[in-house]
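Results of the structural survey
Below, each chain spelled out in residue letters.
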Amino acid sequence: KSRAKRFERGESSVTFDDVAGLENAKRDLREIADYLKNPEHYRELGAKIPKGILLMGPPGTGKTLMAKALAGESDVPFFSISGSEFIEMFVGVGASRVRDMFASAKKEAPAIIFIDEIDSVGRARGTGLGGGHDEREQTLNQILGEMDGFDPHETVVVIAATNRPDVLDAALLRPGRFDRKITVDLPDKKARLAILKTHSRKTPLAGDVDLERLAALTVGFSGADLENMVNEAALLAGREDMSEVDMNCMLNARDRVVLGSEREMVIGE
Ligand code: ATP
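A quick note: this is a predicted structure, and the numbers were derived from the prediction, not measured.

**Points about the overall build of the protein chain**
- A count of helical and extended segments in the protein chain gives ten helices and six strands.
- The 269 residues of the protein chain split such that 45% are buried.
- Of all intrachain contacts in the protein chain linking residues separated by at least 6 positions in sequence, the fraction that spans at least 24 positions is 79%.
- Of the roughly 14200 Å² of accessible surface on the protein chain, a fraction of 48% belongs to carbon and sulfur atoms.

Rendered as C-alpha cells:
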C-alpha cells in the first residue's frame, strides 16, 4: 500500500478561546457547535442542521483555525483536505478521495469536514472550454453529490474556506450546499492586540515591549503575519543572545514581515 495521504483525520483541541477577535464568526459558529453537540434535540424540533458553511476571507486570517475550533468546541472529529491537492492529480483520484473522506466522516458522525481552498476545485465550471479540467470537475461534482446525499441522521457539517468567493461555481452556493456564508476579515487594531497577546504568551517580553503600539503599527497584517512577526522577533533576540524579546526586535521583525510580503507580491506578478 503505497497510497499517499488521502485526507487528514484528527481530534481538535483548539477552542474559540484560541481564536482572537472574529466575534461575529464565532457567534455564528457557536450555534453550529450547539447543533453538533445535540443533534437529536434539534431533530426533534424539526430543525434542519446546515450542511455547508463557507468561510470567506484573505489568507492567514484564521479560517482553518476557526474550523478546528468548531470541532474542538463541539468535541467531534475533524476531517480535512485541501482543494489545491487535487491540482495535477489523475482523473478520478480527487473524486475517490472525497468519497472516502465523506464515508469516514459519516461513520463517525457527528463530524466536521473541512475543505481548504475550495476555489481550486470549485471555480465556475465550463470556463476552460475543453481545457482539460476533467479532474477538477469530477472532484467538484463528487463534493456536491456527497452533500446532496446526506441522510438527515448523518450530522456531518462541511466547512469550506476560500479567499476567492467571487470565482466559485454557483452550484456550490445553492440552498442545501454552502448556503451559510461567514466572513473572516483582517483583524482590526483591537483584534491585532488580542492576537499579539495570544501569540506572545510563551515569549519572554522585555519591559519596553508595547503591544498596543505594535497593534497600531501593523495595519493590514493577518493573524498569520502577526504570529510570524512574534516568531521573527524571537529569532532576532536569539541571534543577539538576548534573554528577552525587546521592542527593537519586534519593530525589526515587523519590517521583515512587511518586506517579505512585498517581495512575494513582486514575485507573484
Ligand atoms: P489560508 O487562507 O492561508 O489557509 P487561514 O485563514 O486558514 O489561511 P489559518 O491557517 O487559520 O489561516 O491561520 C494561520 C495561523 O495564524 C494560525 O495557525 C494562527 O496561529 C494564526 N492566526 C490567524 N488568525 C488568528 C486569530 N484570529 N487568532 C489567533 N491566531 C490567528
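**Some details on the environment of F221**
- Mapping F221 onto the fold places it in the loop between α8 (211–216) and α9 (223–239).
- Taking the C-alpha atoms as reference points, F221 and V258, 37 residues apart in sequence, are found 8.6 Å from one another.
- Contacts of F221, omitting those with residues within four sequence positions, involve L186, P187, R192, L226, M229, R254, V257 and V258.

**Things to note about the site of the ligand**
- Near the ligand there are 17 residues, and of these A20, G60, K63, T64 and E227 occur at the shortest range.
- Here an oxygen atom of the ligand sits 2.6 Å away from a polar atom, N or O, in the side chain of T64.
- Within the side chain of H199, a nitrogen or oxygen atom sits 3.0 Å from a nitrogen atom of the ligand.
- In this structure the site holding the ligand corresponds to the largest pocket.
- Mapped by element, the contributors of at least two residues to the shell around the ligand are α3 (63–74), α7 (189–199) and α9.

**Some remarks on the packing of helix α1 (residues 23–37) against α3**
- Across the interface, α1 lies against α3 with an axial gap of 9 Å and an inter-helix angle of 40°. Accordingly, the angle class assigned to the pair α1 and α3 is oblique. The handedness of the crossing between α1 and α3 comes out as right-handed. Here α1 contributes A25, K26, L29, I32, A33, L36 and K37 to the contact with α3, which in turn contributes M66, L70, E73 and S74.
- Counted by class, the contact of α1 with α3 contains seven nonpolar, one polar and three charged residues.

**Description of helix α6 (residues 134–148)**
- With 15 residues, α6 extends 21 Å from end C-alpha to end C-alpha; this agrees with the ideal 21 Å at 1.5 Å per step.
- Listed in full, the buried residues belonging to α6 are E135, R136, T139, L140, Q142, I143, L144, E146 and M147.
- On the buried face of α6, the contacting elements are β2 (52–56), α4 (93–107), β4 (111–116), α5 (119–122) and β5 (156–162).

**Regarding the pattern of salt bridges**
- As enumerated under the stated definition, the model contains ten salt bridges in all.
- R27 is the salt-bridge partner of D28, the closest N and O atoms lying 4.0 Å from each other.
- For the salt bridge of R164 with D166, the shortest nitrogen-to-oxygen distance reads 2.8 Å.
- D166 gets classed as exposed once you look at its relative accessible area, which sits at 57%.

**Structural notes on the nonpolar core**
- Of all hydrophobic cores here, the largest spans 28 residues; its most connected members are L29, I32, I53, M66, L70, I112 and I159.
- When contributions to this core are tallied by element, the ones reaching two or more residues are α1, β2, α3, β4 and β5.
- Other than its neighbours up to four places away in sequence, L29 contacts F16, I53, M66, L70 and I182.
- Listed in part, the 27 residues of the second largest apolar core include F79, F102, F150 and F178.

**Focus: the packing of aromatic side chains**
- What the rule picks out here adds up to three aromatic pairs.
- Here the aromatic rings of Y35 and Y42 are separated by 4.5 Å at their centres, their planes lie at 75°, and the arrangement is edge-to-face.
- Arranged with centres 5.8 Å apart and planes meeting at 35°, the rings of F102 and F150 form a pair that is tilted. Taken together, the residues span a long stretch of sequence, with F102 in helix α4 and F150 in the loop between α6 and β5 at a distance of 48 residues.
- A residue is classified by how much of its surface remains accessible, and F102, at 0% relative accessible area, is buried.
- Look at F150 and you get buried, because its relative accessible area is 10%.

Thresholds, definitions, all that
- Within each chain, residues carry numbers counting from 1 in the order of the written sequence.
- Owing to the predicted nature of the model, reporting of local features is limited to residues with pLDDT of at least 70; listing and counting of side-chain atom pairs is limited to 80 or more, with chain, interface and lining totals taken over all residues.
- No hydrogens and no water enter the side-chain calculation; it runs on all heavy atoms of the structure.
- Helix and strand assignments follow DSSP, with helices taken as H or I runs no shorter than four residues and strands as E runs no shorter than two, numbered in order from the N terminus.
- Burial classes follow relative accessibility: with a 1.4 Å probe on protein chains only, a residue under 20% of its type's maximum area counts as buried, one over 50% as exposed, and anything between as partly exposed.
- Whether two residues touch is decided by their heavy atoms; if any such pair falls within 4.5 Å, the residues are in contact.
- Note on areas: Shrake-Rupley with a 1.4 Å probe; residue coverage comes only from the protein chains shown.
- We define proximity as follows: a residue is near a molecule or strand when any one of its heavy atoms falls within 4 Å of that partner.
- Two N or O atoms form a polar contact when they lie within 3.5 Å of each other; inside protein one atom must be a possible hydrogen donor and the other a possible acceptor, and for residues adjacent in sequence the pair counts only when both atoms belong to side chains.
- Cavity means a closed set of points on a 1 Å grid over the protein atoms alone, one where a 1.4 Å probe fits but cannot get out, pocket means an open set with protein on both sides within 12 Å along at least 5 of 7 lines, and lining means a residue has an atom within 4 Å of a point.
- More than half of a molecule's atoms within 2 Å of the grid points is what it takes for that molecule to sit in a cavity or pocket.
- Lines fitted to the C-alpha atoms define the axes, with helices restricted to the stretch that makes contact. Angles between their N-to-C directions range from 0 to 180 degrees.
- If an angle is under 35 degrees, it is roughly parallel; if it is over 145, roughly antiparallel; if it lies from 65 to 115, roughly perpendicular; otherwise it is oblique.
- Two helices crossing with the near one rotated counterclockwise from the far one by less than a right angle form a left-handed crossing, whereas a clockwise rotation gives a right-handed crossing.
- Residues were grouped as follows: Ala, Val, Leu, Ile, Met, Phe, Trp, Tyr, Cys and Pro as nonpolar; Asp, Glu, Lys and Arg as charged; and all remaining residues, including Gly, as polar.
- By this rule the span expected of a helix is its residue count minus one, scaled by 1.5 Å.
- By definition here, a salt bridge exists when the distance from a side-chain nitrogen of Lys or Arg to a carboxyl oxygen of Asp or Glu is within 4 Å.
- Each nonpolar core is a collection of buried residues, namely Ala, Val, Leu, Ile, Met, Phe, Trp, Tyr and Cys, held together in the definition by side-chain atoms within 4.5 Å.
- Geometry of aromatic contacts follows a simple scheme: Phe, Tyr and Trp rings, the Trp one being its six-membered ring, pair when their centres are within 6.5 Å, and the pair is stacked under 30 degrees between planes, edge-to-face over 60, tilted otherwise.

Remember that the coordinates give geometry; whether it matters functionally is a separate question.
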